[in-house]
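# Secondary and tertiary structure notes
Below are the chains, spelled out letter by letter.
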Amino acid sequence: MTERYRWFSQRRKLKDQKWPCTHWRGFMVGVAGLLFVAFAILDYPVGLMARDLSGPIREYGEFITHFGQSEWILITSVLVFALGMTAAGAADEADRRTRAKGVFLAQAASFVFAAVALSGLAVNLLKGLIGRPRPNMLVYYDLSPFAFDPMSFASDYASFPSGHATTVAAIFTAAAFFLPRHRILFFSLAVCVAMSRIIVGAHYPSDVIAGLAFGSWFTYLTAIIFSRYRMVFSIDPQGWPVPRNGFSALKPEFMRKHPHHAAPQTDLDLTTQKGH
(Lines give C-alpha, C1' and ligand atoms only; values in the text may rest on other atoms or scores of the structure.)
Protein backbone atom coordinates (compact mmCIF):
# COMPACT_ATOMS: atom_id res chain seq x y z
CA MET A 1 0.00 0.00 0.00
CA THR A 2 1.46 3.34 -1.03
CA GLU A 3 1.92 6.10 1.51
CA ARG A 4 -0.62 8.36 -0.24
CA TYR A 5 -3.33 5.67 -0.29
CA ARG A 6 -2.66 4.83 3.37
CA TRP A 7 -3.03 8.55 4.22
CA PHE A 8 -6.43 8.71 2.53
CA SER A 9 -7.69 5.35 3.85
CA GLN A 10 -6.96 6.40 7.43
CA ARG A 11 -9.16 9.45 6.92
CA ARG A 12 -11.95 7.40 5.38
CA LYS A 13 -12.12 5.35 8.58
CA LEU A 14 -13.17 8.49 10.44
CA LYS A 15 -16.49 8.40 8.60
CA ASP A 16 -17.47 5.39 10.73
CA GLN A 17 -17.08 7.39 13.92
CA LYS A 18 -20.06 8.92 15.69
CA TRP A 19 -20.83 12.46 14.57
CA PRO A 20 -20.19 15.13 17.19
CA CYS A 21 -22.98 17.15 18.74
CA THR A 22 -23.96 19.75 16.16
CA HIS A 23 -25.87 21.99 18.58
CA TRP A 24 -28.61 22.14 15.97
CA ARG A 25 -31.54 22.03 18.39
CA GLY A 26 -30.79 25.24 20.26
CA PHE A 27 -29.62 26.92 17.07
CA MET A 28 -32.82 26.02 15.22
CA VAL A 29 -35.07 27.20 18.07
CA GLY A 30 -33.25 30.53 18.36
CA VAL A 31 -33.35 31.21 14.62
CA ALA A 32 -37.03 30.24 14.40
CA GLY A 33 -37.85 32.70 17.19
CA LEU A 34 -35.96 35.54 15.52
CA LEU A 35 -37.61 34.80 12.17
CA PHE A 36 -41.08 34.80 13.74
CA VAL A 37 -40.49 38.22 15.31
CA ALA A 38 -39.08 39.61 12.07
CA PHE A 39 -41.94 38.26 9.97
CA ALA A 40 -44.62 39.45 12.37
CA ILE A 41 -43.28 42.85 13.43
CA LEU A 42 -40.28 44.13 11.49
CA ASP A 43 -40.49 43.22 7.80
CA TYR A 44 -43.35 45.42 6.62
CA PRO A 45 -42.44 48.69 8.41
CA VAL A 46 -38.71 48.30 7.80
CA GLY A 47 -39.33 47.57 4.14
CA LEU A 48 -41.20 50.87 3.81
CA MET A 49 -38.72 52.77 5.95
CA ALA A 50 -35.74 51.78 3.78
CA ARG A 51 -37.30 53.74 0.92
CA ASP A 52 -36.84 57.02 2.77
CA LEU A 53 -33.30 56.48 4.04
CA SER A 54 -30.76 58.99 2.74
CA GLY A 55 -27.54 60.74 3.68
CA PRO A 56 -24.70 59.01 5.55
CA ILE A 57 -26.75 55.95 6.47
CA ARG A 58 -27.59 55.22 2.86
CA GLU A 59 -24.01 55.87 1.77
CA TYR A 60 -22.75 53.53 4.48
CA GLY A 61 -25.07 50.77 3.29
CA GLU A 62 -24.16 51.18 -0.37
CA PHE A 63 -20.44 51.12 0.44
CA ILE A 64 -20.29 48.20 2.86
CA THR A 65 -22.74 45.96 1.04
CA HIS A 66 -20.05 45.17 -1.56
CA PHE A 67 -18.13 43.22 1.08
CA GLY A 68 -20.90 40.62 0.92
CA GLN A 69 -19.96 39.64 -2.63
CA SER A 70 -18.24 36.28 -2.84
CA GLU A 71 -15.88 36.89 -5.76
CA TRP A 72 -13.09 38.50 -3.75
CA ILE A 73 -12.91 35.75 -1.14
CA LEU A 74 -13.14 32.96 -3.73
CA ILE A 75 -10.29 34.41 -5.79
CA THR A 76 -8.20 34.94 -2.65
CA SER A 77 -8.84 31.35 -1.56
CA VAL A 78 -7.64 29.99 -4.91
CA LEU A 79 -4.47 32.09 -4.72
CA VAL A 80 -3.74 30.98 -1.14
CA PHE A 81 -4.35 27.36 -2.12
CA ALA A 82 -1.86 27.69 -4.98
CA LEU A 83 0.64 29.36 -2.64
CA GLY A 84 0.34 26.61 -0.05
CA MET A 85 0.71 23.78 -2.58
CA THR A 86 3.67 25.51 -4.21
CA ALA A 87 5.40 25.94 -0.84
CA ALA A 88 4.77 22.30 0.06
CA GLY A 89 6.00 21.05 -3.30
CA ALA A 90 9.10 23.23 -3.40
CA ALA A 91 10.27 22.28 0.11
CA ASP A 92 13.04 19.73 0.55
CA GLU A 93 12.00 16.19 1.38
CA ALA A 94 13.59 16.53 4.83
CA ASP A 95 11.96 19.89 5.56
CA ARG A 96 8.76 18.50 7.05
CA ARG A 97 7.83 21.73 8.84
CA THR A 98 7.64 23.77 5.64
CA ARG A 99 5.73 21.03 3.85
CA ALA A 100 3.24 20.79 6.73
CA LYS A 101 2.74 24.55 6.69
CA GLY A 102 2.05 24.55 2.96
CA VAL A 103 -0.41 21.66 3.20
CA PHE A 104 -2.28 23.24 6.11
CA LEU A 105 -2.49 26.56 4.28
CA ALA A 106 -3.85 24.84 1.16
CA GLN A 107 -6.39 22.88 3.20
CA ALA A 108 -7.54 26.02 5.02
CA ALA A 109 -8.02 27.82 1.70
CA SER A 110 -9.98 24.83 0.38
CA PHE A 111 -12.24 24.94 3.42
CA VAL A 112 -13.02 28.64 2.98
CA PHE A 113 -13.63 28.18 -0.75
CA ALA A 114 -15.97 25.23 -0.17
CA ALA A 115 -17.92 26.97 2.60
CA VAL A 116 -18.45 30.19 0.62
CA ALA A 117 -19.01 28.68 -2.84
CA LEU A 118 -21.28 25.80 -1.85
CA SER A 119 -23.36 27.88 0.57
CA GLY A 120 -23.79 30.47 -2.19
CA LEU A 121 -25.01 27.87 -4.66
CA ALA A 122 -27.37 26.35 -2.11
CA VAL A 123 -28.88 29.68 -1.05
CA ASN A 124 -29.46 30.74 -4.65
CA LEU A 125 -31.38 27.53 -5.22
CA LEU A 126 -33.44 28.16 -2.07
CA LYS A 127 -34.22 31.73 -3.14
CA GLY A 128 -35.64 30.51 -6.44
CA LEU A 129 -37.66 27.73 -4.82
CA ILE A 130 -39.18 30.02 -2.17
CA GLY A 131 -39.80 33.03 -4.44
CA ARG A 132 -40.28 35.84 -1.92
CA PRO A 133 -40.69 39.36 -3.40
CA ARG A 134 -38.03 41.92 -2.62
CA PRO A 135 -38.85 45.16 -0.73
CA ASN A 136 -38.93 47.16 -3.97
CA MET A 137 -42.04 45.18 -4.93
CA LEU A 138 -43.66 46.48 -1.74
CA VAL A 139 -42.61 50.07 -2.38
CA TYR A 140 -43.49 50.36 -6.05
CA TYR A 141 -46.17 47.70 -6.57
CA ASP A 142 -47.70 47.50 -3.07
CA LEU A 143 -46.94 43.78 -3.07
CA SER A 144 -47.03 42.20 0.39
CA PRO A 145 -43.84 40.65 1.82
CA PHE A 146 -45.81 37.40 2.00
CA ALA A 147 -46.85 37.32 -1.67
CA PHE A 148 -44.63 34.34 -2.45
CA ASP A 149 -44.21 33.07 -6.00
CA PRO A 150 -42.46 29.70 -5.62
CA MET A 151 -40.28 28.33 -8.40
CA SER A 152 -40.24 31.69 -10.20
CA PHE A 153 -36.42 32.08 -10.17
CA ALA A 154 -36.84 35.79 -10.99
CA SER A 155 -34.55 38.41 -9.44
CA ASP A 156 -37.51 40.37 -8.02
CA TYR A 157 -38.64 37.20 -6.24
CA ALA A 158 -35.27 36.22 -4.76
CA SER A 159 -35.42 37.89 -1.37
CA PHE A 160 -35.43 35.00 1.14
CA PRO A 161 -32.79 34.13 2.32
CA SER A 162 -30.27 36.89 1.61
CA GLY A 163 -27.37 35.65 -0.50
CA HIS A 164 -25.06 38.45 0.67
CA ALA A 165 -25.83 37.65 4.31
CA THR A 166 -25.11 33.97 3.66
CA THR A 167 -21.70 34.80 2.17
CA VAL A 168 -20.86 37.19 5.01
CA ALA A 169 -21.80 34.58 7.60
CA ALA A 170 -19.72 31.92 5.86
CA ILE A 171 -16.65 34.17 5.77
CA PHE A 172 -16.81 35.37 9.36
CA THR A 173 -17.82 31.99 10.78
CA ALA A 174 -14.75 30.48 9.11
CA ALA A 175 -12.65 33.28 10.61
CA ALA A 176 -14.17 32.58 14.04
CA PHE A 177 -13.24 28.90 13.78
CA PHE A 178 -9.64 29.79 12.93
CA LEU A 179 -9.39 32.51 15.60
CA PRO A 180 -11.92 31.54 18.28
CA ARG A 181 -10.75 34.17 20.76
CA HIS A 182 -12.08 36.87 18.42
CA ARG A 183 -15.42 35.24 17.59
CA ILE A 184 -17.47 38.04 19.18
CA LEU A 185 -15.73 40.57 16.94
CA PHE A 186 -16.37 38.45 13.85
CA PHE A 187 -20.01 37.99 14.79
CA SER A 188 -20.44 41.75 15.20
CA LEU A 189 -18.79 42.43 11.84
CA ALA A 190 -21.01 39.87 10.12
CA VAL A 191 -24.16 41.53 11.50
CA CYS A 192 -22.96 45.02 10.53
CA VAL A 193 -22.18 44.02 6.95
CA ALA A 194 -25.35 41.96 6.53
CA MET A 195 -27.57 44.78 7.82
CA SER A 196 -26.45 46.88 4.88
CA ARG A 197 -28.76 44.79 2.70
CA ILE A 198 -31.71 46.21 4.63
CA ILE A 199 -30.38 49.76 4.33
CA VAL A 200 -30.13 49.59 0.54
CA GLY A 201 -33.63 48.13 0.32
CA ALA A 202 -32.58 44.78 -1.14
CA HIS A 203 -33.88 42.56 1.68
CA TYR A 204 -36.21 42.39 4.66
CA PRO A 205 -34.84 41.78 8.18
CA SER A 206 -36.04 38.17 8.14
CA ASP A 207 -34.11 37.61 4.89
CA VAL A 208 -30.90 38.77 6.54
CA ILE A 209 -31.50 36.68 9.67
CA ALA A 210 -32.13 33.58 7.57
CA GLY A 211 -29.04 34.27 5.44
CA LEU A 212 -26.79 34.69 8.47
CA ALA A 213 -28.15 31.52 10.04
CA PHE A 214 -27.81 29.48 6.86
CA GLY A 215 -24.28 30.68 6.12
CA SER A 216 -23.01 30.01 9.63
CA TRP A 217 -24.70 26.60 9.81
CA PHE A 218 -23.35 25.58 6.39
CA THR A 219 -19.81 26.60 7.36
CA TYR A 220 -20.11 24.65 10.60
CA LEU A 221 -21.23 21.56 8.68
CA THR A 222 -18.34 21.98 6.22
CA ALA A 223 -15.86 22.23 9.12
CA ILE A 224 -17.20 18.99 10.60
CA ILE A 225 -16.83 17.20 7.25
CA PHE A 226 -13.25 18.45 6.91
CA SER A 227 -12.48 17.30 10.45
CA ARG A 228 -13.60 13.77 9.61
CA TYR A 229 -10.77 13.58 7.09
CA ARG A 230 -8.29 15.12 9.57
CA MET A 231 -8.05 18.25 7.47
CA VAL A 232 -7.82 21.72 9.04
CA PHE A 233 -10.00 20.97 12.08
CA SER A 234 -10.53 18.59 14.93
CA ILE A 235 -13.61 18.49 17.18
CA ASP A 236 -13.29 19.52 20.81
CA PRO A 237 -15.25 17.77 23.62
CA GLN A 238 -18.09 20.30 23.26
CA GLY A 239 -18.54 19.43 19.58
CA TRP A 240 -16.99 22.62 18.12
CA PRO A 241 -14.42 22.62 15.32
CA VAL A 242 -11.00 23.86 16.39
CA PRO A 243 -7.97 24.24 14.08
CA ARG A 244 -5.53 21.35 14.20
CA ASN A 245 -2.73 23.89 13.84
CA GLY A 246 -3.03 27.51 14.87
CA PHE A 247 -2.09 30.27 12.46
CA SER A 248 0.87 31.02 14.72
CA ALA A 249 2.41 27.82 13.33
CA LEU A 250 2.51 29.46 9.89
CA LYS A 251 4.80 32.28 11.01
CA PRO A 252 8.22 32.38 9.33
CA GLU A 253 11.17 31.64 11.55
CA PHE A 254 12.33 35.27 11.65
CA MET A 255 8.94 36.32 13.12
CA ARG A 256 9.00 33.79 15.93
CA LYS A 257 9.98 34.79 19.44
CA HIS A 258 13.07 32.97 20.55
CA PRO A 259 14.21 32.87 24.18
CA HIS A 260 16.87 35.45 24.88
CA HIS A 261 20.14 34.05 26.13
CA ALA A 262 22.71 36.24 27.86
CA ALA A 263 25.87 36.80 25.89
CA PRO A 264 28.88 34.90 27.23
CA GLN A 265 31.35 36.89 29.32
CA THR A 266 34.49 37.88 27.42
CA ASP A 267 37.63 39.85 28.12
CA LEU A 268 36.21 42.76 26.12
CA ASP A 269 33.09 43.04 28.32
CA LEU A 270 33.59 46.24 30.29
CA THR A 271 30.37 46.00 32.36
CA THR A 272 30.62 45.46 36.10
CA GLN A 273 31.05 41.79 36.92
CA LYS A 274 29.97 40.06 40.06
CA GLY A 275 32.77 39.91 42.59
CA HIS A 276 34.72 42.85 41.10
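Residues numbered from 1 in each chain as written. Predicted model: local features only at pLDDT ≥ 70, side-chain atom pairs only at ≥ 80, totals over all residues. Heavy atoms only, no water.

### A look at the overall build of the protein
Rules: Each helix is a run of H or I in the DSSP string that is no shorter than four residues. Each strand is a run of E no shorter than two, and both are numbered from the N terminus. Only protein chains enter the accessibility calculation, which uses a 1.4 Å probe. A residue is then buried if its area is under 20% of the maximum for its type, exposed if over 50%, and partly exposed in between. In what follows, a contact means two residues having at least one pair of non-hydrogen atoms within 4.5 Å. Here the open area of atoms and residues is found with the Shrake-Rupley method and a 1.4 Å probe, where only the protein chains shown may cover a residue.
Along its length, the protein carries nine helices and two strands. When the 276 residues of the protein are sorted by exposure, 38% land in the buried category. Counting only contacts in the protein whose residues sit at least 6 apart along the sequence, the fraction spanning at least 24 positions is 72%. Of the roughly 17,100 Å² of accessible surface on the protein, 66% is carried by carbon and sulfur atoms.

### What to know about the pattern of salt bridges
What counts, and what does not: In what follows, salt bridge is the name for a side-chain nitrogen of Lys or Arg lying within 4 Å of a carboxyl oxygen of Asp or Glu.
This model, assessed by the stated rule, comprises three salt bridges. R132 serves as the salt-bridge partner of D43, at 2.8 Å between the closest nitrogen and oxygen. Of the two residues, D43 sits in helix 2 (residues 24–49) while R132 sits in the loop between helix 5 (96–130) and helix 6 (135–141), which places them 89 residues apart along the sequence. The pair formed by D43 and R132 is uniform in burial state, with each residue classed as buried. Its salt-bridge partner being R58, residue E62 comes within 3.4 Å of it at the nearest N-O pair. Here E62 and its partner R58 are both found in helix 3 (residues 56–64), four residues apart, which amounts to about one turn of the helix. Beyond isolated ion pairs, a larger network of salt bridges with shared partners links D43, R132 and D207.

### Comments concerning the packing of helix 7 (residues 163–178) against helix 8 (residues 183–199)
Rule in force here: Under this scheme, a helix contributes an axis fitted over its contacting stretch, all axes are lines through C-alpha atoms, and angles between N-to-C directions fall in the 0 to 180 degree range. Between 65 and 115 degrees an angle is taken as roughly perpendicular, under 35 as roughly parallel, over 145 as roughly antiparallel, and anywhere else as oblique. Throughout this entry, Asp, Glu, Lys and Arg are counted as charged residues, while Ala, Val, Leu, Ile, Met, Phe, Trp, Tyr, Cys and Pro are counted as nonpolar. The remaining residues, Gly among them, count as polar.
Put simply, helix 7 and helix 8 touch, their axes get as near as 9 Å, and they point 170° apart. Compared by their axis directions, helix 7 and helix 8 come out roughly antiparallel. Residue-level inspection shows H164, A165, V168, F172, A175 and A176 of helix 7 in contact with helix 8, the latter providing R183, F186, L189, A190, V193, A194 and R197. Taken together, the residues of the contact of helix 7 with helix 8 sort by class into 10 nonpolar, one polar and two charged.

### Some details on the nonpolar core
Going by this rule: Each nonpolar core is a collection of buried residues, namely Ala, Val, Leu, Ile, Met, Phe, Trp, Tyr and Cys, held together in the definition by side-chain atoms within 4.5 Å.
Ranked by internal contacts, the top residues of the largest apolar core, which has 20 residues, are F111, V112, V116, F178, V232 and F233. At the level of secondary structure, the elements contributing two or more residues to this core comprise helix 4 (71–90), helix 5, helix 7 and helix 9 (205–227). In terms of nonpolar packing, the next biggest core, distinct from the first, is built from 14 residues, I64, F186, A194 and V208 among them.

### Looking at the packing of aromatic side chains
As a reminder of what qualifies: Stacked, edge-to-face and tilted labels apply to pairs of Phe, Tyr and Trp rings (six-membered ring for Trp) whose centres lie within 6.5 Å, assigned for plane angles under 30 degrees, over 60, and everything in between, in that order.
Taken as a whole and judged by the stated rule, the model has 14 aromatic pairs. Aromatic side chains F178 and F233 sit 5.4 Å apart centroid to centroid with 25° between the ring planes, which places their arrangement in the stacked category. Here the residue F178 occupies a position in helix 7, and F233 occupies one in strand 1 (residues 233–235), the gap between them amounting to 55 residues. Judged by its relative accessible area of 9%, F178 falls in the buried class. Ring geometry for F214 and W217: centres 6.1 Å apart, planes at 40°, overall tilted. With a gap of three residues between them, F214 and W217 both fall in helix 9, about one helical turn apart.

### Focus: unusual backbone geometry
As a rule of thumb, non-glycine residues mostly have phi less than zero, and peptide bonds are mostly trans rather than cis. Here the bond from F160 into P161 is cis, since omega is -10°, no more than 30 degrees from zero. Its place among the elements puts P161 in the loop between helix 6 and helix 7. Notably, F153 is not glycine yet its phi reads approximately 55°, a positive angle. Residue placement: F153 occurs in the loop between helix 6 and helix 7. Given the relative accessible area of 48%, F153 is considered partly exposed.

### Examining the layout of surface pockets
We apply this condition: Detection works on a 1 Å grid of protein atoms alone, calling trapped sets that fit a 1.4 Å probe cavities and calling open sets with protein on both sides within 12 Å along at least five of seven lines pockets, with lining residues defined by an atom within 4 Å of a point. Grid points are joined across faces, edges and corners, and a volume is the space filled by probe spheres set on the points.
Roughly 920 Å³ of internal volume is contained in the second largest pocket. Counting residues per element, the lining of the second largest pocket draws most heavily on helix 9, which supplies eight residues.

### Considerations on helix 9
In plain terms, the rule: Expected span of a helix: the number of residues minus one, times 1.5 Å.
Over its 23 residues, helix 9 runs 33 Å from end to end, which matches the ideal 33 Å to within 8%, given 1.5 Å per residue. The buried fraction of helix 9 is high, at 19 of 23 residues.

### Considerations on the environment of Y157
Note on placement: Y157 falls in the loop between helix 6 and helix 7. Sequence separation of Y157 and G128 is 29 residues, and the distance between their C-alpha atoms is 7.3 Å.

### Re the environment of F214
You can call F214 buried: its relative accessible area is 16%. Taking the C-alpha atoms as reference, F214 lies 8.0 Å from V123; in sequence the two are 91 residues apart.

### Concerning the side chain of T65
Relative to the helices and strands, T65 is located in the loop between helix 3 and helix 4. In this structure T65 touches H164, S196 and R197, once residues within four positions along its chain are discounted.

### Quick word on the confidence of the model for the protein
Basically, it comes down to this: Along the chain, pLDDT gives the predictor's confidence residue by residue, from 0 to 100.
With 79% of its residues at a pLDDT of 70 or more, the protein has an overall mean of 82. In this model, residues 265–276 is a region of pLDDT below 50 whose contacts with residues beyond four sequence positions or in other chains number one contact.

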